[in-house]
Amino acid sequence: MRERLESILARTEKARAWGAAALPLQSLLNREGYVPIKTRLTVDDLDLLMAAREELLCFAELGLRLLDLHQPRDAGGITSDAAHPILRCRSCMWRWPCPTFRAMSEALESLPPAIPREEAVLAGVPLGGFSEVDAPGPLEAVAPGRPVAAHL
């Protein structure tokens, strides 16, 4: 399991981050719900993209299962503050919050929040046109209706 996780981490670190470059492209959605783009993909980018959805689903399920296992429960016993009893993790019995829950919480808090397109529009996040300064990433807009070309 460690080898698999380390290989996913290594592959992810080699690939480029596309978040900032992809945000302005949301305004280019065509009627079919697609953004026609051309891009230059490296072998590392392709390796990451081929397995990203399945691995993300697996990690989300893993996170939810770990969260289900590591929940607080009343440790029982005598306490001087009945309104705030001592809590322990129901799985590992460490004082709450347990190290597993803290590690998961810290990892998730370090992620930037994902903003769905509708919320971004309501919040006034600019999604329209972009220039080389706005999106200095690997993505370039293509005229609608033209095929997507990936240059390797």
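Quantities reported herein were computed from a predicted structural model and do not represent experimental measurements.

(A) Representation of the overall build of the chain within the structure. Scanning the chain from terminus to terminus reveals 5 helices and 5 strands. When the helices and strands of the chain are listed from N to C terminus, the series reads α-α-β-α-β-β-α-α-β-β. The long-range fraction of contacts in the chain, counting pairs at least 24 apart against all pairs at least 6 apart in sequence, stands at 62%. With an accessible surface of roughly 11,800 Å², the chain has 60% of that area assigned to carbon and sulfur atoms.

(B) Structural detail: the layout of surface pockets. As a volume, the largest pocket reaches approximately 1,400 Å³. Looking at the lining of the largest pocket, the elements with two or more residues in it are α1 (2–14), α3 (43–69) and α4 (99–109). The element that contributes the greatest number of residues to the lining of the largest pocket is α3, accounting for 13 residues. Its residues assigned to classes, the lining of the largest pocket comprises 23 nonpolar, 4 polar and 5 charged.

(C) Molecular detail of the packing of aromatic side chains. In this structure the tally under the stated criterion is 1 aromatic pair. Summarising the aromatic geometry, the rings of Trp96 and Phe101 are spaced 4.6 Å apart at their centres and angled 45° between planes, so their arrangement reads as tilted. Since its relative accessible area comes to 24%, Trp96 is described here as partly exposed. The class for Phe101 is partly exposed, based on a relative accessible area of 25%.

(D) The pattern of salt bridges, seen in detail. Tallying each qualifying case throughout the model produces 2 salt bridges. The shortest N-O distance in the salt bridge between Arg11 and Glu55 comes to 2.4 Å. Taken together, the residues span a long stretch of sequence, with Arg11 in helix α1 and Glu55 in helix α3 at a distance of 44 residues. Of the charged contacts in the structure, one is a salt bridge between Arg65 and Glu61, with a shortest N-O distance of 3.8 Å. On the criterion of helical spacing, the pair formed by Arg65 and Glu61 is a turn pair, its members being 4 residues apart in helix α3. Using a relative accessible area of 47% as the deciding quantity, one classes Glu61 as partly exposed.

(E) Inspection of the packing of α1 against α3 at higher detail. At a minimum axis distance of 10 Å, the contact between α1 and α3 shows a crossing angle of 130°. On the basis of their axis angle, the class for α1 and α3 is oblique. Judged by the sense of rotation from one axis to the other, the crossing of α1 with α3 is left-handed. Within the contact between the two elements, α1 uses Leu5, Ile8, Arg11, Thr12 and Lys14 and α3 uses Asp44, Asp47, Leu48, Ala51, Glu55 and Phe59. Taken together, the residues of the contact of α1 with α3 sort by class into 5 nonpolar, 1 polar and 5 charged.

(F) Geometry of the confidence of the model for the chain. Residues at a pLDDT of 70 or more form 72% of the chain, whose mean pLDDT is 74. The weakest mean pLDDT in the chain belongs to strand β5 (residues 150–151) at 35; the strongest belongs to strand β3 (residues 87–89) at 92. Contacts for the low-pLDDT stretch residues 127–152, under 50 throughout, to residues beyond four places or in other chains number 55 contacts.

(G) How the structure looks around a nonpolar patch on the surface. A cluster of nonpolar side chains, namely Leu5, Phe59 and Leu62, defines an oily patch on the protein surface of about 220 Å² accessible area. With respect to the helices, strands and loops of the structure, Leu62 is situated in helix α3.

The rules behind the values
Residues numbered from 1 in each chain as written. Predicted model: local features only at pLDDT ≥ 70, side-chain atom pairs only at ≥ 80, totals over all residues. Heavy atoms only, no water. Helix = DSSP H or I, 4+ residues; strand = E, 2+ residues; numbered from the N terminus. Contact = heavy atoms within 4.5 Å. Areas by Shrake-Rupley, 256 points an atom, 1.4 Å probe, with all protein chains shown as cover. 1 Å grid on protein atoms, 1.4 Å probe; cavity = no way out; pocket = protein on both sides within 12 Å on 5 of 7 lines; lining within 4 Å. Points joined across faces, edges and corners; volume = space filled by probe spheres on them. Nonpolar A, V, L, I, M, F, W, Y, C, P; charged D, E, K, R; others polar. Phe/Tyr/Trp six-rings, centres within 6.5 Å; stacked < 30°, edge-to-face > 60°. Buried < 20%, exposed > 50% of the residue type's maximum accessible area, 1.4 Å probe, protein only. Salt bridge = Lys/Arg side-chain N within 4 Å of Asp/Glu carboxyl O. Axes fitted to C-alpha atoms, helices over the stretch in contact; angles between N-to-C directions. Parallel < 35°, antiparallel > 145°, perpendicular 65-115°, else oblique. Left-handed = near helix turned anticlockwise from the far one by under 90°. pLDDT = per-residue confidence, 0-100. Patch = residues over 30% accessible without salt bridge, like charges linked within 9 Å, V, L, I, M, F, W, Y side chains within 5 Å.

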